Structures are given as structure tokens and as C-alpha cells.
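Single-letter residue listing:
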Amino acid sequence: MATLLSAQCAACLRKPGSQLHLRRAAARISARCYSSRTASSVEYLHQSVVPSMHYQKSLPRLPVPKLEDTIRRYLAIINVFYNLMLETEHIAIFILLASQMTTESNESVSTPGPWFDMYLSARDSVVLNFNPFMSFNTDPKTEYNEQLVRSTNMVCSAVRFMKTLRAGLLEPEVFHLNPAKSDTDSFKNFIRWVPSSLSWYGAYMVNAYPLDMSQYFRLFNSTRIPKRGRDELLTDDKGRHLLVMRKGNMYVFDVVDRDGNLVKPAEIHSHLKYILSDSTPAPSLPLGILTSENRDVWAGLREKLVATGNTEALGLVDSALFCLCLDEESMRDHIHISHNMLHGDGCNRWYDKSFSIIIAKDGQAAINFEHSWGDGVAVLRFQNEVFKDTTEKPLVHPGSAPAAVDSASAVRRLQFHLDRELESGIKKAKENFDLAVSKLTIAAIEFKKGGKEQLKKSKLSPDAIAQLSFQMAFLRQYGQTVATYESCSTAAFKHGRTETIRPATVHTRRCSHAFVREPCKHSVEDSPRRQLWVCQGFDRHLFALRYLANSKGQSLPSLYTDPAYGAINHNILSTSTLTSPAVSLGGFAPVVPDGFGVGYGVHDNWIGCNVSAYPARNVHEFLQCVHKSLEDIFSVVEGKPLS
């Protein structure tokens, strides 16, 4: 999920060889307007005076840390769990690790290839293991939440986003530390004339940090194709059609005409109305469920689909701009939304598409996206723009008449030829899917006794406090501190993806113990504000070194087979946060069977948590402990005694 750039971290760019971590940038950026000037055409969201990719060529590369710095950070984290108190032990481990890492560690490892390989080589189902969801807030004008109206407007806005991006008119993604200087028309009119090979430096001079946008081209017309051993990413920007799924049936129709223009909104309205009123029953063997299978199994079945004459239909699925899933159910509550948008019933989804917009019967909407091609920064930007456009400038309104066109001819329902092996594969995939999702529990809380505003007034980091509450909660529930992962974006660097923040440190452990076991000795001041986590990551450096060793056929250093390395990468608490005017909630499954998947947001006056777990963990009890932890922390902040 997306994370952002803090003012403290921005200073890192001024230190030679230091590593910048983006902290919460997507959320802050999402709150502002991106447009340089309003588009004069229905074709575009806006028309930026600065070309979309203007900064891309001059973005800095992520510096490769010194090996000794990486190992020191690594040792600091394993010390949380293994209590390596003797200096000689530290030195011995350091020498062992350093001697096994060759000078090849200085090779550039900031390119995205290894990270793509990591995702594409994984053989587990993308459902629950990789694909997250982010749900839209409802349209403030309630009548615009009707399924047909909202679907039409979201499709139109999505196509407008695509056209704006491909025309180079989408405002570049920039994090402004001093927006009064950098987020102005005068600066934009200046920087547009600076050569792209130098433009980043111009932005840097006014404390603005352009973000990498190399992932954006895979938003549209893209699909993950299952292959034995390693999947492939396919992008075919010639596709002009939309893939629509309803009741497990699959339909396509053009949303871009032969001249590259948006099909008239009234016609899109008509085509979606036709699909929603189609009486074709749900197929007994829905093909979409195959995308939830083990990747090697799915690869074999896809080969069979091709062999039985389905190449053209599969090509239409793969090359579609994106997938629109029209669901038959209305959502009961946030938990129902989370389950439906994270996994659904498996029949009305094509999980391999770069992203799918899911719209329930009552207009509740969300994005579910395949994770190998990109991260939350690109998807959240898209979601923010679509929400803003559909709520402020909808092209279809309640009571609008669909165009009088022949939708029966324009819309094509895809037909697939299945043999017995494929039929059996679909049935087995459905059994596997149902078993997997039946084990997942999701629960949520809203803590209403304080939020970002109060914490900032006390000069405390809101995210640090949220992370401390998770550490305290797990300690209260299970009596221990465990490996914890927080996603952090490195999009301020060319081709940057993510780094790991390690919230479980000796400092948070000490603070958690003080709150939970010695409440009279609590101190919020000492830990979360100043010493919550290691500010510079080590995980991706170690990942890249392992990748290099494997690619060269070298034996792995014993670091990677050491139980300590395995322990800190068994992330029982996997956490990610985002806040945005467009997003209601987001979520994902745990990354290990005995873990929690913690999606959270720290808002102005409240804190929300949406948490998932498998049977090994009690998610309801965990959230009770999180609530108690937040109560204790805010009591201390307010100078009250703990109860």
C-alpha cells in the first residue's frame, strides 16, 4: 500500500549516500488538486502544463547502502528477538556476514527486475496472498450511488484518466514540502522549460520531490499471464474495449472509438444497462475462478484453454483496458465490503487484470489490484482522480436517458469452449477457493477518542503511535514481541518500489512492556516519537544480494539460512496504511498463517483498523487489545492516570 515522504526523511537526500524512505506521501498528495488547468475537452481530466513524465529521466537512483550499515541495522532488529547482549557476539556475527558478502554488493540493485521476479515467480494464488483492495467512499450525492449511474461515471472517468496519462497531460506526481513555492502556476510554467534531464534538480531546489511514475503505463490494458515457473506481464495498449463481469458471465464492448476518443457516455450507459438487464443465467462453470488457482495449475489449464480454441476470447480478456465487476449483492456493513472486495465468491472476478473496479448492487465500490506490476502509489493516484472526477464532474446523472443505440450488437458476451479436463479444473479451483476464504476472518474498529490532530499537537508521530498500539496489543494478547512489517514507498527514486519499516525495535518493546506490564512506569515520550524504528531499511539490500548470488550460481551466505533471518521475515504483524478523501477502507490477508493483516488509517480525530486473520489468531481479541492500547496512550498524552 502507499506510504509517504516525511520532512525529516526529505533531508536525507541532502546527505551523500543516504537512503530516503517515502513516508505517507500518497495520503498527503491525495488531498490536493493535481490539475494545472481545467481540461477544455471531455476527453481529459485536466491538462497539465508540465508533461506527465517530465521528471522521470532525472530522478535519482536509490543509493546502495554500505554493507556494514545494512548489517548493523539487521543486527539491531534481530537483537529485539534474540537478545544479543554480548559485544563479542555482535562482532563475530558481523565478521561472519561481512566475509561472506563479496564486493559485488556494490553493483546497482535499485532496478525493479528482482522485485518483479519475486512476485512473478511466486506460485501461490494471487487471491489473499497478493491482491489487496481499496474501497471508495460513497458519492456524497446519494442518488449518484445507483449501480448503473456510478458504473457509467467510473468507466468514463477511468478512460479520461487513461487518455490524460497517455497524452502526457496528467499532472506529474510530486511531493511538495513547500507548496507555496513549488505547487504554483509560476513554478510549473518555469520548470516545464527545464530539460527533463535536469528537471528533478529544479524541483529539488524548491523542496519538491517528484515521484517515479514508471509503473503507470501498466495500469491499463495489462494482465498477469500464468506461466509454468514464472508468470509474465502483458500490456497491449491497442485494446479499446472494457471487460465487464456479471454473474460470472464476461462481456466486452468498446469504450474508446477508432479515433481514440471516449465513446459517448450515453452509449456506455446504454451498454452497461444492457448487461445489467441480461437474463443469461450464471454459468455453472465460471471461468474467472481459474485466476484464483495455484499459478502452475492455472498455467497448465490456460494452455488447455488455448488448445481447445479459446485464444481469441482470452486475448480480449487480456487486452481489455481493465475489468469492471458488477455484483448482484448489496453490502451489509464494512466487514461484508472487505470480504467481497478482497476476494468475493471467486466467480465474478478476473484477479489477473492489473486492476478491477468492483461495484456492488447498492453502489459500494472498490479497486482490487494485482500486485506484481506496481504498488499502491499508482493505484491510489488513479483512485483519487476517479473519485474526484465522478463526484465533481459526473457525465451521467440520475434520470439520464441511455443512448438509443443497438447495445445487443455493440456488447459481446464471451463464450469459452471447455473439455472435461477444464471442467474438472474449474470445479477443483472453486473447491480450493472456498476452502481458502472460509478460513479468513476480518474485523474492524474505529477509535474515536483521538487522532492525528491531538497527536501532532503533542509533537508525536501519528503513525508511530498507531504502530506502538499494535506492539502493545500483541504483547497484551500473546505475551511477546514479534516480527512486524510496514510497507514504505521508495517512489522518490527511479523505479522505486518499496522498503520495509521495522516497527518492532528494542525501544518499542521496552515502551510496550512499560505500558502493559508496568503501567506506572509508562513513557510515550521516549519511544514512539524519537526511536520507534530504524529509519533506513536493510531488507531490500539483503534481498538484492541474495538475488545476485542466486543469479550467479553462488552458494548463499549462511546469513540467509540462519534461524534469525527466517524469524524476522516471518512477519506475524503485516501492516499498511493510507488515508485519502477517496478511500473508505483497505485491506489484505495475513502474509503468514499465524499472522494478522493490519490495514489502518490515522485520521484527524479518529483511528481506524481493518484487520484479517486465519484460525491461528483471534482477530476480535486483538482489536480489543488495540483499542485498550490506544486508550492508554491517549490517557498518557492527556496526562491522565492509566486505569
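All values reported here derive from a predicted model rather than from experimental measurement.

**Looking at the pattern of salt bridges**
- In total, this model carries 34 salt bridges according to the counting rule given.
- Here Arg-302 makes a salt bridge to Asp-318, at a shortest N to O gap of 2.6 Å. Here Arg-302 is found in helix 11 (residues 295-307), whereas its partner Asp-318 is found in helix 12 (residues 311-319), with 16 residues between them in sequence.
- Residue Arg-302 is classed as buried on the basis of its relative accessible area of 12%.
- Note that Lys-628 is salt-bridged to Asp-632, the shortest N-O span being 3.1 Å. Residue Lys-628 and its partner Asp-632 are both found in helix 22 (residues 619-637); the two are separated by four residues, about one turn of the helix.

**What about the UniProt feature "active site" (unreviewed entry) in the chain?**
- Mapped onto this numbering, the UniProt entry gives "active site" (unreviewed entry) at His-371.
- Assignment of secondary structure puts His-371 in the loop between strand 10 (365-369) and helix 14 (376-392).
- His-371 has contacts with Tyr-119, Phe-130, Asn-131, Pro-132 and Arg-497, leaving out every residue within four places of it along the chain.
- At 2.9 Å, the side chain of His-371 forms a polar contact with the backbone oxygen of Gly-374.

**Here we look at the sheet that holds strand 7 (residues 249-254)**
- Read from one edge of the open sheet, eight strands run 11-7-6-8-9-10-1-16, paired in mixed fashion. The open sheet is flanked by strand 11 (412-413) and strand 16 (583-587), the only strands paired with a single partner.
- Where strand 1 (residues 133-136) and strand 16 come together, four bridges link them in antiparallel fashion. Looking at the pairing, Phe-136 lines up with Val-583 of strand 16.
- Against the sheet, helix 10 (residues 265-276) makes contact with strand 6 (241-246), strand 7 and strand 8 (323-326), and its axis sits at roughly 165° relative to strand 7, the strand it touches most.
- Where helix 13 (residues 334-342) meets the sheet, it contacts strand 1, strand 9 (355-359), strand 10 and strand 16, and its direction lies at approximately 60° from that of strand 16.

**Some thoughts on helix 13**
- The element helix 13 is largely enclosed, with a buried count of seven among its nine residues.
- Of the residues making up helix 13, those classed as buried are His-336, Ile-337, Ser-338, His-339, Asn-340, Met-341 and Leu-342.
- The residue sitting at the N-terminus of helix 13 and contributing the capping side-chain oxygen is Asp-333; that oxygen lies 3.1 Å from the backbone nitrogen of Ile-335.
- Directly beyond the C-terminal end of helix 13, a positive phi value near 65° is found at Gly-344.

**A few points about helix 19 (residues 506-517)**
- Here helix 19 spans 16 Å end to end across 12 residues, near enough to the 16 Å set by a 1.5 Å rise per residue.
- Considered for burial, the residues of helix 19 that qualify are Val-506, Thr-508, Cys-511, Ser-512, Ala-514 and Phe-515.
- Looking at the buried residues of helix 19, the elements they touch are helix 3 (67-82), helix 18 (462-478) and helix 22.

**Some details on the packing of aromatic side chains**
- For the coordinates displayed, the defined rule picks out 23 aromatic pairs.
- A ring pair is formed by Trp-115 and Phe-543, whose centres lie 5.0 Å apart and whose planes are at 85°; its orientation type is edge-to-face. A residue pair is termed long-range when its members are at least 10 positions apart, and Trp-115 in helix 5 (residues 113-121) and Phe-543 in helix 20 (residues 539-551) qualify at 428 residues. One exposure class covers both Trp-115 and Phe-543, and it is buried.
- Across from the ring centre of Tyr-144, 4.9 Å away, lies the NZ or CZ of Lys-141, which sits over that ring.

**Here we look at the packing of helix 18 against helix 19**
- Packing of helix 18 against helix 19 brings their axes to within 9 Å, and their N-to-C directions diverge by 55°. Classified by the angle between their axes, helix 18 and helix 19 sit oblique to one another. Every pair of crossing elements has a handedness; the one defined by helix 18 and helix 19 is right-handed. From helix 18, Leu-468, Gln-471, Met-472, Leu-475 and Arg-476 reach across to helix 19, where they touch Thr-508, Cys-511, Ser-512, His-513, Phe-515, Val-516 and Arg-517.
- Residues belonging to the contact of helix 18 with helix 19 are distributed by class as follows: six nonpolar, four polar and two charged.

**Concerning empty space enclosed by the protein**
- Counted according to the given criterion, the structure contains eight cavities of 30 Å³ or more.
- If you add up the space inside the second largest cavity, you get close to 90 Å³.
- For the lining of the second largest cavity, the secondary-structure elements that each account for two or more residues are strand 2 (174-176) and helix 8 (185-191).
- Broken down by element, the residue count for the lining of the second largest cavity peaks at three residues, all from helix 8.
- Split by residue class, the lining of the second largest cavity holds six nonpolar, two polar and four charged.

**A short note on the side chain of Asn-145**
- Relative to the helices and strands, Asn-145 resides in the loop between strand 1 and helix 6 (147-166).
- Side-chain polar atoms of Asn-145 contact the backbone nitrogen of Asp-139, separated by 2.9 Å.

**With respect to the sheet that holds strand 18 (residues 607-613)**
- In space, the six strands of this open sheet follow the order 12-18-17-15-13-14, with mixed pairing throughout. The open sheet terminates on both sides in strands that have one partner only, identified here as strand 12 (441-447) and strand 14 (498-501). Between one strand axis and the next, the sheet turns by 25° as a mean value, whatever way the strands run.
- Pairing of strand 13 (residues 484-489) with strand 15 (residues 573-577) involves three bridges; the strand directions are parallel. Opposite Thr-484, over in strand 15, you have Leu-573 as the bridge partner.
- Along the sheet, helix 18 makes contact with strand 13, strand 15, strand 17 (596-602) and strand 18, crossing strand 17 at roughly 145°.

**Overview of unusual backbone geometry**
- One non-glycine residue, Lys-247, lies in the positive phi region at around 55°.
- Position of Lys-247 among the secondary structure elements: in the loop between strand 6 and strand 7.

**Looking at the packing of helix 18 against helix 22**
- Direction vectors running N to C along helix 18 and helix 22 enclose 125°, while the axes themselves pass 8 Å from each other. Taken together, the axes of helix 18 and helix 22 lie oblique to each other. Remark: the crossing between helix 18 and helix 22 carries right-handed chirality. The segment helix 18 lies against helix 22, with Ile-465, Leu-468, Ser-469, Phe-470, Met-472, Ala-473, Phe-474, Arg-476 and Gln-477 engaging Glu-621, Phe-622, Cys-625, Val-626, Lys-628, Ser-629, Leu-630, Asp-632 and Ile-633.
- For the contact of helix 18 with helix 22, a count of residues per class yields 11 nonpolar, three polar and four charged.

**Some remarks on the pairing of strand 10**
- Of all five residues making up strand 10, five are buried, and the element is well covered by its neighbours.
- Here strand 10 shows a buried face lined by Ala-365, Ile-367 and Phe-369 and a second buried face lined by Ala-366 and Asn-368.
- Note that strand 1 and strand 10 share three bridges and pair antiparallel. Looking at strand 10, one finds that Met-134 is bridged to Ile-367.
- The pairing of strand 9 with strand 10 spans five bridges and is antiparallel. Note that in strand 10 the partner of Ile-359 across the bridge is Ala-365.

**Focus on the environment of Met-331**
- When you line up the elements, Met-331 lands in the loop between strand 8 and helix 13.
- With a relative accessible area of 11%, Met-331 lands in the buried category.
- Along the primary structure Met-331 and Ala-365 are separated by 34 residues, whereas in three dimensions their C-alpha atoms are 9.9 Å apart.
- Look past the residues within four positions of Met-331 in its chain and what remains in contact with it is His-336, Ile-337, Asn-340, Ala-360, Asp-362 and Gln-364.

Basis of the calculations
- Residues numbered from 1 in each chain as written.
- Predicted model: local features only at pLDDT ≥ 70, side-chain atom pairs only at ≥ 80, totals over all residues.
- Heavy atoms only, no water.
- Salt bridge = Lys/Arg side-chain N within 4 Å of Asp/Glu carboxyl O.
- Helix = DSSP H or I, 4+ residues; strand = E, 2+ residues; numbered from the N terminus.
- Buried < 20%, exposed > 50% of the residue type's maximum accessible area, 1.4 Å probe, protein only.
- UniProt positions renumbered as here; feature names shortened; annotations may be inferred.
- Contact = heavy atoms within 4.5 Å.
- Polar contact = N/O pair within 3.5 Å; in protein donor to acceptor, adjacent residues only side chain to side chain.
- Pairing = 2+ DSSP bridges.
- Axes fitted to C-alpha atoms, helices over the stretch in contact; angles between N-to-C directions.
- Expected span 1.5 Å × (residues − 1).
- Phe/Tyr/Trp six-rings, centres within 6.5 Å; stacked < 30°, edge-to-face > 60°.
- Lys NZ or Arg CZ within 6 Å of the ring centre and 35° of its normal.
- Parallel < 35°, antiparallel > 145°, perpendicular 65-115°, else oblique.
- Left-handed = near helix turned anticlockwise from the far one by under 90°.
- Nonpolar A, V, L, I, M, F, W, Y, C, P; charged D, E, K, R; others polar.
- 1 Å grid on protein atoms, 1.4 Å probe; cavity = no way out; pocket = protein on both sides within 12 Å on 5 of 7 lines; lining within 4 Å.
- Points joined across faces, edges and corners; volume = space filled by probe spheres on them.

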